[in-house]
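For reference, the chains in residue letters:
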Amino acid sequence: MCGRYALFSDPEDLAAEFVLDDADYEATYNAAPSEELPVLLDDDPTAFSTARWGLVPSWSEGPKDGPDPINARAETLTERRLFAEAYRERRCLVPADGFYEWTETGDGKQPYFVSRADGRPLLLAGLWETWTPEQKQTGLGEFGSGGPSRDVEPVRSFTVVTTEPNDFLADYHHRMAVVLDPEAGERWLSADDPSDLLEPCDVELQAWPVSQAVNNPANDRPELVESVA
């Protein structure tokens, strides 16, 4: 599972790593569901776009009061209506410097920050959607003339694809995000059938315990990724 992550690399370094024209974004040390976050869309892969974390399908009634799906199981992407069309037509990449996992201890759950051992940023496989609200006519008496309501704006959203964990992540969780290198990321965005990419990554990872302050999504500061060991 991927429920929180961090992205804080220098934008110029990200642009060089992922061959982007523009990597401008606002750093976050505790990216949480429902937040607007940077992604690379298949129809514009050379610059960051922003999308809300938690998939809102175009055919749905719109964002829920509760959390929308932040993860999509790789094994059922073609079977579930929630993800099938996006998997065929709207894939994205989610940049991250690392992500958080929690393990059970005698004193509760201990968060860990997981990142590449070489310190390079990650690309996570994702799907995206745009939900557009039904336009409603405003009453003549309310504004003096009829016209489309502007109360609700379109919502662009994304979800992170997960798969079985690799040997390293299996000690922390029974699922992991699909991690791609830049070359595999290009294929994820453009291939007719990228199903061979939906496997546990073999990249070397590292993890260390971090403060439980990360449990509160209102906390977003560099200290959250520092080791408390």
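Every value quoted in this text rests on a predicted model; they were computed, and no experiment measured them.

For this particular structure, what's the right way to read the pattern of salt bridges?
When their charged atoms lie close together, side chains carrying opposite charge are able to pair. Scanning the model with the defined rule gives 10 salt bridges in all. A salt bridge links R90 to E129; the shortest N-O distance between them is 3.0 Å. With R90 in the loop between α2 (81-89) and β6 (91-96) and E129 in strand β9 (residues 122-131), the pair connects residues that are 39 residues apart, well separated along the chain. Take R90 and E129: they sit in the same class, and that class is buried. If you follow the salt bridges from partner to partner, you end up with E85, E89, R90 and E129 in one network.

In this structure, what is going on with the environment of A27? I would like to understand it.
Here A27 lies in the loop between α1 (11-18) and β2 (28-31). A residue is classified by how much of its surface remains accessible, and A27, at 37% relative accessible area, is partly exposed. Taking the C-alpha atoms as reference points, A27 and L7, 20 residues apart in sequence, are found 5.7 Å from one another.

Would you take a moment to explain the sheet that holds strand β1 (residues 5-7) for this structure?
The antiparallel open sheet is built from 5 strands, whose spatial order is β2-β1-β7-β8-β13. In this open sheet, the two strands that pair with only one neighbour each are β2 and β13 (205-209). Strand-to-strand, the axes of this sheet are offset by a mean angle of 30 degrees, without reference to chain direction. In this sheet, β2 lies alongside β1 in antiparallel orientation, the contact comprising 2 bridges. Paired with Y5 across the bridge in β2 is A31.

Is there a simple way to think about the nonpolar core in this case?
Soluble, globular proteins show a tendency: their nonpolar side chains are buried together. Of all hydrophobic cores here, the largest spans 29 residues; its most connected members are L77, L127, V161, L180, W188 and L198. For this core, the secondary structure elements donating two or more residues are α1, α2, β9 and α4 (182-190). No other element matches α2, which puts 4 residues into this core. L41, I70, C92 and V114 belong to the second-largest nonpolar core, a separate cluster that totals 27 residues.

What exactly am I supposed to notice about a negative patch on the surface here?
Where like charges cluster on the molecular surface, the negative patch consists of D21, D22, D24, D43 and D44. Looking at the secondary structure, you find D21 in the loop between α1 and β2. For D21, a relative accessible area of 68% corresponds to the exposed category.

Conventions and cut-offs
- Along each chain, residues carry numbers from 1 onward, in the same order as the chain's sequence is written.
- Per-residue local features are limited, in this predicted model, to residues with pLDDT of at least 70; the limit for side-chain atom pairs, both in listing and counting, is 80 or more; totals at the level of whole chains, interfaces and linings are taken over all residues.
- As a rule here, side-chain values cover all heavy atoms of the structure and leave hydrogens and water aside.
- We count a salt bridge whenever a side-chain nitrogen from Lys or Arg sits within 4 Å of a carboxyl oxygen from Asp or Glu.
- The way it works is that DSSP assigns letters per residue, a run of H or I at least four long becomes a helix, a run of E at least two long becomes a strand, and they are numbered from the N terminus.
- The classification of residues rests on relative accessible area computed with a 1.4 Å probe and restricted to protein chains. Under 20% of the type maximum is buried, over 50% is exposed, and intermediate values are partly exposed.
- For two strands to count as paired, DSSP must find a minimum of two bridges between them.
- The axes used here are C-alpha line fits, helices contributing only the stretch in contact, and every angle between their N-to-C directions lies in the interval 0 to 180 degrees.
- Only buried Ala, Val, Leu, Ile, Met, Phe, Trp, Tyr and Cys residues count toward a nonpolar core, and they belong to the same one when joined by side-chain atoms within 4.5 Å.
- The patches reported here contain residues having more than 30% relative accessible area and no salt bridge. Joining distances are 9 Å for like charges and 5 Å for nonpolar side chains (Val, Leu, Ile, Met, Phe, Trp, Tyr).
- All accessible-area figures derive from a Shrake-Rupley calculation using a 1.4 Å probe, and residue coverage is judged against the displayed protein chains alone.
- Only four residue types enter the tally: Lys and Arg on the positive side, Asp and Glu on the negative side; His and the chain ends are excluded.
- Each charge is placed at NZ for Lys, CZ for Arg, CG for Asp and CD for Glu.

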